[in-house]
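Spelled out from the first residue to the last, the chains are:
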Amino acid sequence: MPLFRTSLHPSRGPAGKRPLHPVAQAWIGRFGDALPAGHLCRESSLKDRWLRIHSLPESKRYPEDKTELTEVLRRQNVVASELLGEGAPCLLFVAGFSSGPEAVQWARKASWLKALNGTPELVLTVEEDAERDQMAFCALPVIWQRGRFDRLIADRAHDRAGHLLFANFDRGSIYAPYDGGADLFYPSAEEVGPARSRHRDWLSIYPSGM
């Protein structure tokens, strides 16, 4: 797993020459040292607020038919609506490794984006220490509604989309689907235990929770 510099770069211009994008500033103010991708949030101060669910029985990774995809979307929508809140304003982050905003060009061209009436904006790039690669993060304001993002979630489930993350800044909650399940970050560590009980049939059998 790459180790990223703790000094965050502005989305445009050389480091230290321009202030962080307002979205990046708001993210840091709300979520601290985390970065807006599920696997990076797990490695941050948010780790005690983390719970992972799997999308299919017996931790099967990819849906192979319509019935399995329906189950993936059902589970994903249940946990996302629980975390984010139905009708709640959120930010959708898309991210990938690149030297610039082309990391998320797939999102700008995707058919689901047309229904959202928006274009993700590059808000942050972060350098990786070893090879000086960059991870680019784009954000788009959205309203979370159950079923509205099914096409995007399905693309992620089939590993056809890059890193995705929905954040409710008011609640301090994060939903990050991946190809196999979702990483969930609750507003407080105290909420993880009850959530674990609610979704016990969807959890990993391994002590690590992965």
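Residues numbered from 1 in each chain as written. Predicted model: local features only at pLDDT ≥ 70, side-chain atom pairs only at ≥ 80, totals over all residues. Heavy atoms only, no water.

**A look at the pairing of strand β5 (residues 163-168)**
Of all six residues making up β5, five are buried, and the element is well covered by its neighbours. One ladder, built from three bridges, connects β5 with strand β6 (residues 173-178); its direction is antiparallel. Bridging from a neighbouring strand, Phe166 pairs with Tyr175 of β6. Here β5 folds back onto β6, and the loop between the two strands holds four residues, one of which, Gly172, carries a positive phi near 75 degrees. (Buried < 20%, exposed > 50% of the residue type's maximum accessible area, 1.4 Å probe, protein only. Helix = DSSP H or I, 4+ residues; strand = E, 2+ residues; numbered from the N terminus. Pairing = 2+ DSSP bridges.)

**A closer look at helix α6 (residues 150-157)**
Listed in full, the buried residues belonging to α6 are Leu152, Ile153, Ala154, Arg156 and Ala157. Phi turns positive one or two residues past the end of α6, at Asp159, with a value near 60 degrees.

**Regarding the confidence of the model for the chain**
For the chain, mean pLDDT is 83; residues scoring 70 or higher make up 77% of the total. In this model, residues 1-16 is a region of pLDDT below 50 whose contacts with residues beyond four sequence positions or in other chains number 44 contacts. (pLDDT = per-residue confidence, 0-100. Contact = heavy atoms within 4.5 Å.)

**Quick look at the packing of helix α3 (residues 66-84) against α6**
The contact between α3 and α6 brings their axes to 10 Å, and the two run at 115 degrees. Overall, the two elements α3 and α6 adopt an arrangement that is roughly perpendicular. Of the two possible hands of crossing, α3 and α6 adopt the one that is right-handed. Side by side, α3 and α6 meet where Leu69, Val72, Leu73, Gln76 and Asn77 of the first sit next to Asp150, Ile153, Ala154 and Ala157 of the second. Among the residues forming the contact of α3 with α6, the class breakdown is six nonpolar, two polar and one charged. (Axes fitted to C-alpha atoms, helices over the stretch in contact; angles between N-to-C directions. Parallel < 35°, antiparallel > 145°, perpendicular 65-115°, else oblique. Left-handed = near helix turned anticlockwise from the far one by under 90°. Nonpolar A, V, L, I, M, F, W, Y, C, P; charged D, E, K, R; others polar.)

**Topic: the nonpolar core**
Counting 31 residues, the largest nonpolar core has Leu84, Trp144, Phe166, Tyr175 and Leu184 as the members making the most contacts within it. Those elements that provide at least two residues to this core are β1 (50-54), α3, β2 (89-98), β4 (134-143), α6, β5, β7 (181-185) and α7 (192-198). When residues in this core are grouped by element, the largest group, five residues, is from α3. Apart from the residues lying within four places of it in its own chain, the contact partners of Tyr175 are Gln76, Val79, Ala80, Leu83, Leu84, Trp144, Ile153, Leu165, Phe166, Ala182, Asp183 and Leu184. Membership of the second largest hydrophobic core comes to 26 residues, among which are Val23, Cys41, Leu46 and Trp50. (Core = buried A, V, L, I, M, F, W, Y, C linked by side-chain atoms within 4.5 Å.)

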